[in-house]
Amino acid sequence: MKFDGLLMIPGPVHLHERIIRAMSRQMMGHRGKEFSEIMRYCVDGLKELFGTKHDVYIISGSGTAGLEAAIASFSNVRRITCVDNGKFGDRLGRIASRYTEADVVRFEWGKSIDLDAVEKSLAEGSEALAFVHNETSTAMLNPAEELAKLAKKYNALVIMDGITSVGGDEVKMDKWGIDVAIVGSQKCLGAPPGLAAVAVNDRAWDYYNEKCPFYLDLAAYRKKLPDMQTPYTPAVPLFFALEEALRIIEEEGLENRIRRHRLMSRAVREWAIEAGLQLFAEPEEPSDYSNTVTAIRMPEGVTDKDLRGTLQKEYGITVSGGQEHLKGKIFRIGTMGNVCKRHVIATLAAVQDILMRYDACKPALHAAIEVLKEL
Ligand SMILES: *Cc1c(COP(=O)(O)O)cnc(C)c1O
């Protein structure tokens, strides 16, 4: 018999049954009142998660569509500084360089950002700063508030990829001084892939570039927002799902949700350390570990296929591998969205079982259980 699988990757996440059901209904016109009410609920809910009172535009497209919409729409800048300490930081630089001069400040993947190096780039004449809050490829949390503060010193526009932090970790866009932030539906929000949301404050419009891609021109989304509509036909079933996902978030409460995410990732880290495994990220502060995903070095003598292949085949559980030069060198466990204690314990037990066949780890489930007692 084939059982349902369990996705423990950093997006798309395992879906709550209610969200699966929400998508399965008749279509509606996207210019009617019924759709506008759904959209209003989504926009208001997302504002809360971004920590903003400003506009939130919802685009039908993956997270990268949101990144490109944000960067291209506000690319009327002489130069943009992009912070790169992982795959998604690298992506910001590659998007930005299509629209303006990008100065990519690179750091070793898995290491903390050196704020002095970022400041040097800003001081050399950048008018914008783009960075990733939660760097999913290495499982590190970058210091968003400090970066925004630094940018403000140079009066630079601040664009933040919050794709794997918004809805799972603390994000206070307005308070931190972030001008533009982006989230994707399939990560901490717990919805299926296919929607991106971009939160934009008023200041960002001073940097508006009308030569941005037509479909991703945020001015068109801005114009339609008072009617609670999108400029073009949205992915309507995904709005049904997003609405339900946001209802689940409201029921849980954002504070509780953040606490749950923090405990789940801490449980994975403490299990890994107790098991004798090595975390990939080596942040300067323990608070710079990601609260939504964990990256663990693949133990000596174990291949990606040995671990992830067997996990998939025997347990139906999927965890992620490494990206780019980290392929086969690390594996990543996503603990985001609506996964909970039992999913985490089941995943760790299965990973441990497989690694123990290679004498590559020690039994350590008690360490995770201890942390998750608080849930
Ligand atoms: C997943 C992810 C993206 C890209 O999102 P897509 O939905 O795959 O386009 C961008 N940034 C971060 C930090 C991510 O985790």
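Residues numbered from 1 in each chain as written. Predicted model: local features only at pLDDT ≥ 70, side-chain atom pairs only at ≥ 80, totals over all residues. Heavy atoms only, no water.

Some remarks on the sheet that holds strand S11 (residues 293-297)
Note the cut-off: One bridge is not enough; two strands pair if DSSP finds at least two bridges between them. Runs of E in the DSSP output that reach at least two residues are strands. Runs of H or I that reach at least four are helices, and both are numbered from the N terminus.
Strand order in the open sheet made by the 3 strands is S11-S14-S13, with antiparallel pairing throughout. Edge positions in the sheet fall to S11 and strand S13 (320-321), since each has one partner strand and no second. The sheet contact formed by S13 and strand S14 (residues 330-334) spans 2 bridges and is antiparallel. Directly across from Ser320, in S14, lies its bridge partner Arg332.

As for helix H9 (residues 236-252)
Which entries qualify depends on this criterion: In this analysis, the expected span of each helix is defined as 1.5 Å times one less than the number of residues it contains. To sort residues, take the accessible area from a 1.4 Å probe on protein chains only and compare it with the maximum for the residue type: under 20% means buried, over 50% means exposed, and anything in between is partly exposed. It only takes one pair of heavy atoms within 4.5 Å for two residues to be counted as in contact.
Its 17 residues place the ends of H9 25 Å apart at the C-alpha level, agreeing with the 24 Å of an ideal helix rising 1.5 Å per residue. Where burial is concerned, most of H9 is hidden: 12 out of the 17 residues are buried. Looking at the packing, one finds that the buried side of H9 touches helix H1 (17-23), helix H2 (33-50), strand S2 (55-60), strand S10 (195-200) and helix H10 (254-274). After H9 finishes, the residue Gly253 shows a positive phi value of roughly 90°.

A few points about the environment of Gly184
Relative to the assigned elements, Gly184 resides in strand S9 (residues 180-184). Through-space distance from the C-alpha of Gly184 to that of Val166 is 8.7 Å; in sequence the pair is 18 residues apart. Not counting residues within four places of it along the chain, the set of residues in contact with Gly184 comprises Gly63, Ile163, Leu189, Leu195 and Ala196.

Side note on helix H3 (residues 63-73)
Taking burial as the measure, the 11 residues of H3 include 9 buried ones, the bulk of the element. Here H3 has its buried residues at Gly63, Ala65, Gly66, Leu67, Ala69, Ala70, Ile71, Ala72 and Ser73. Buried-residue contacts for H3 involve S2, helix H4 (87-96), strand S8 (157-161), S9, S10 and helix H8 (218-224).

As for the site of the ligand
How we decide: To be near a molecule or strand, a residue needs just one of its heavy atoms within 4 Å of it. The term polar contact refers here to a pair of N or O atoms within 3.5 Å; inside protein, the definition further demands a hydrogen-donor-capable atom paired with an acceptor-capable atom, and it admits residues adjacent in sequence only when both atoms are side-chain atoms. Side-chain classes follow a simple rule in which Ala, Val, Leu, Ile, Met, Phe, Trp, Tyr, Cys and Pro form the nonpolar group, Asp, Glu, Lys and Arg form the charged group, and the remainder, Gly included, forms the polar group.
Around the ligand, a shell composed of 13 residues is seen, among which Ser62, Thr64, Thr136, Asp161 and Lys187 lie nearest. Interatomic distance of 2.5 Å between a side-chain N/O atom of Thr136 and an oxygen atom of the ligand. Gln186 has a polar side-chain atom sitting 2.7 Å from an oxygen atom of the ligand. For the shell around the ligand, the elements supplying multiple residues, two or more each, are H3 and H4. Looking at the shell around the ligand residue by residue, the classes come out as 3 nonpolar, 7 polar and 3 charged.

Regarding the pattern of salt bridges
Between side chains of opposite charge, a pair can form as their charged atoms come close. Condition: Basic side-chain nitrogens of Lys or Arg form a salt bridge, by our definition, when they fall within 4 Å of a carboxyl oxygen of Asp or Glu.
Under the defined criterion, the tally for this structure stands at 27 salt bridges. Ionic pairing is found between Asp179 and Lys152, a salt bridge with its closest N-O pair at 3.5 Å. Of this pair, Asp179 sits in the loop between helix H7 (173-176) and S9 while Lys152 is found in helix H6 (residues 144-153), placing the two residues 27 residues apart along the sequence. Residue Asp179 is classed as buried on the basis of its relative accessible area of 1%.

A look at the environment of Leu147
Counting through the fold element by element, Leu147 comes out in helix H6. Residue classification places Leu147 among the buried positions, given a relative accessible area of 0%. Residues Leu147 and Ala130, 17 residues apart in the sequence, show an inter-C-alpha distance of 9.3 Å. In this structure, Leu147 is in contact with Val83, Ile113, Leu115, Val118, Leu129 and Phe131, ignoring residues within four places of it in sequence.

Considerations on unusual backbone geometry
Glycine aside, residues mostly have negative phi, and peptide bonds are mostly found in the trans state. The residue after Gly11, namely Pro12, is reached through a cis peptide bond having omega -5°. Structurally, Pro12 is set in the loop between strand S1 (6-7) and H1. With a phi angle near 55°, Asn155 is a residue other than glycine that sits in the positive phi range. Mapped onto the fold, Asn155 is located in the loop between H6 and S8. For Asp359, which is not a glycine, the phi torsion comes out positive at approximately 55°. Within the secondary structure layout, Asp359 lies in the loop between helix H12 (341-357) and helix H13 (365-372). For Asp359, a relative accessible area of 73% translates into the label exposed.

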